[in-house]
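Residues per chain, in single letters:
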Amino acid sequence: MSAFEVEGGKKLKGEIVPQGAKNEALQIISAVLLTAETVKVTNIPDILDVNLLIELLSEMGVTIERPSRDTCIFTADNVDVDYLQSEAFRQKGGRLRGSVMIAGPMLARFGKAFIPRPGGDKIGRRPLDTHIIGFEKLGVKPDYNTGDNYFILDGKDMKGSYMLLNEPSVTGTANIVMAASMAEGTTTIYNAACEPYIQQLCGMLNRMGARISGIGSNLLTIEGVDRLGGTEHRLLPDMIEVGSFIGLAAMTQSAITIRSAGLDHLGQIPDKFRQMGIALVLEGDDIIVPEQELYTIQGNLDGSIPTIYDHPWPGFTPDLLSILLVVATQASGSVLIHQKMFESRLFFTDKLMDMGAQIILCDPHRAAVVGLARQRRLRGITMSSPDIRAGVALLIAALSAEGRSVIQNIEQIDRGYQYIDERLRRLGASVRRVN
């Protein structure tokens, strides 16, 4: 198992470009199954989770050309539907939570689908209820095989329907939209997720011939069509990488420019980092984070300690709360971090406390952070990455810490961040991958 060896305390400098959005990639690449025509996708992140999904499509019979690592040309004109019942699919699909995203396209085009028990981060319960209930509203008949731990979905009689989602799940919304795109009649989805990833998917489907309205709102209307055609699509910059690099610059007191950051699609991210006291300069589509000796958390208007929490879009994304928590450890001031969606995502704070951070883990969802205000630096330790986002948060902490840190289980980080060690070294970081 690989690890990162990090020598902390170095100021970084330079420019960095965020990879394509991982969460968008999993949806868009799954959507190529909706048509037998060619679909070209660019700005694909070269990361483990996305590459696993591309491998899975190849094993299903999709022809894939990869002229460069960030570009794929997909032609799904000879899909082996029976492969989805194989043990090979159950094992590979079970390694990747994103494999659930192929269910919607398979139901739309072939009238049946299979969902293995999903893998992914160990960040708490991530049930598939929204997906399955939404499919049922379209007339899909699900059958759960308890012995092999997978769903068998019969969608040969799908029809459009009104539905009110039990939660604005991004993957659930995407899956239902793709299934409804070729269902007979009109589907209305209320309480739909409206993240930029969903907007991008709906825009791509409309270019393929779908009829989706309400894009960007939580009320989507899909008029089913008989077939969809080919198209080209470019993925957005990954907003989670953008936020991670802002946090990196702040913690290491570095001057870093984030090029092509996709400012129009970042929502509250810049404002939340400014609330932490971090100076940001926005120029064109770039974010300049100047070197900053100290940053002060902005309190509430009545002088009380602020709370930063995650919320469905256009609220703050839960994927960046780990980064904000690390940033708060060296701020001047205090903040309560409230992770509403996942009950295990704050458990990495014990490692930060071992590094010297002042944190009280109130319960599985809330952590109070008292900033050290640069009066005492974090110290390097040996630790393990529990999930993708916490892993990068710990890497940022290690880069700011005094002394040497070892971060184990970095396969988790590789699942979400492209060549992160190489890119950080180009900024002057001392990060070495060891076995």
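First, a word on scope: everything that follows refers to the structure included in this document.

Thresholds, definitions, all that
- Residues numbered from 1 in each chain as written.
- Predicted model: local features only at pLDDT ≥ 70, side-chain atom pairs only at ≥ 80, totals over all residues.
- Heavy atoms only, no water.
- Helix = DSSP H or I, 4+ residues; strand = E, 2+ residues; numbered from the N terminus.
- Buried < 20%, exposed > 50% of the residue type's maximum accessible area, 1.4 Å probe, protein only.
- Contact = heavy atoms within 4.5 Å.
- Pairing = 2+ DSSP bridges.
- Axes fitted to C-alpha atoms, helices over the stretch in contact; angles between N-to-C directions.
- Core = buried A, V, L, I, M, F, W, Y, C linked by side-chain atoms within 4.5 Å.
- Phe/Tyr/Trp six-rings, centres within 6.5 Å; stacked < 30°, edge-to-face > 60°.

### Digging into the overall build of the protein
So, point 1. The helix and strand inventory of the protein stands at 14 helices and 23 strands.
So, point 2. C-alpha atoms of the protein, sized along the principal axes, occupy 65 × 50 × 45 Å.
So, point 3. Here the protein holds 435 residues, and the buried ones make up 58% of them.
So, point 4. A separation threshold of at least 6 residues defines the contact pool for the protein, and within that pool the share at least 24 residues apart is 73%.

### Quick notes on the sheet that holds strand β21 (residues 382-384)
So, point 1. Strand order in the open sheet formed by 4 strands is β21-β22-β1-β23, and the pairing between neighbours is mixed. With one partner strand each, in any of the chains shown, β21 and β23 (430-434) form the two edges of the open sheet. For this sheet, the mean inter-axis angle between neighbouring strands, taken without regard to orientation, is 20°.

### Re helix α1 (residues 22-31)
One turn of an α-helix holds 3.6 residues; hence residues three or four places apart share an orientation.
So, point 1. Within α1, 9 of the 10 residues are buried, which leaves the element mostly enclosed by the surrounding structure.
So, point 2. For α1, every residue scored as buried is listed here: K22, E24, A25, L26, Q27, I28, I29, S30 and A31.

### Here's the deal with the environment of E195
So, point 1. Looking at the secondary structure, you find E195 in the loop between β10 (186-190) and α7 (196-207).
So, point 2. A C-alpha to C-alpha distance of 9.5 Å links E195 and G315, two positions 120 residues apart in sequence.
So, point 3. Excluding anything up to four places from it in sequence, E195 contacts V170, P312 and W313.

### So, unusual backbone geometry
Generally, phi is negative for residues other than glycine and the peptide bonds are trans, each holding for most cases.
So, point 1. P314 follows W313 through a cis peptide bond whose omega is 10°.
So, point 2. Within the fold, P314 resides in the loop between β17 (307-309) and α10 (321-328).
So, point 3. Here the phi dihedral of S260 falls at roughly 50°; this positive angle occurs in a residue that is not glycine.
So, point 4. Of note, S260 is situated in the loop between β14 (255-258) and α9 (269-275).
So, point 5. The partly exposed category is assigned to S260, whose relative accessible area is 39%.
So, point 6. Phi is positive for R374, close to 65°, though the residue is something other than glycine.
So, point 7. Residue position: R374 is located in the loop between β20 (366-370) and β21.
So, point 8. Under the relative-accessibility criterion, R374 is labelled partly exposed at 21%.

### A short note on the nonpolar core
So, point 1. If you look at the biggest cluster of nonpolar residues, it comprises 76 residues, and the most contacted ones within it are I258, I278, I287 and L352.
So, point 2. Top contributing element to this core by residue count: helix α12 (residues 388-400), with 10 residues.
So, point 3. Those residues in contact with I278, other than ones at most four positions away along the chain, are I246, A250, F273, V289, Q292, Y295 and V327.
So, point 4. The next biggest cluster of nonpolar side chains, apart from the first, holds 74 residues, and it includes V62, V81, F135 and C202.

### So, the packing of aromatic side chains
So, point 1. Tallying each qualifying case throughout the model produces 3 aromatic pairs.
So, point 2. On the numbers, 6.4 Å between centres and 50° between planes, the contact of F114 with Y150 is tilted. Of this pair, F114 sits in strand β6 (residues 112-116) while Y150 sits in strand β8 (residues 150-154); the two residues are 36 residues apart in sequence, bridging distant segments of the chain. Across this residue pair, the class does not change: F114 and Y150 are buried.
So, point 3. Between the aromatic rings of Y144 and F151, the centroid separation amounts to 4.8 Å while the plane-to-plane angle is 50°, which identifies the pairing as tilted.

### Observations regarding the sheet that holds strand β11 (residues 211-213)
So, point 1. Taken together, the 4 strands give an open sheet; going across it, the order is β9-β10-β12-β11, and neighbouring strands pair in mixed fashion. In this open sheet, the two edge strands, each paired with only one partner strand, are β9 (162-164) and β11. Here the average twist between neighbouring strands, direction ignored, is 15°.
So, point 2. Against the sheet, helix α6 (residues 170-180) contacts β9, β10, β11 and β12 (219-223), and its axis sits at roughly 25° relative to β12.

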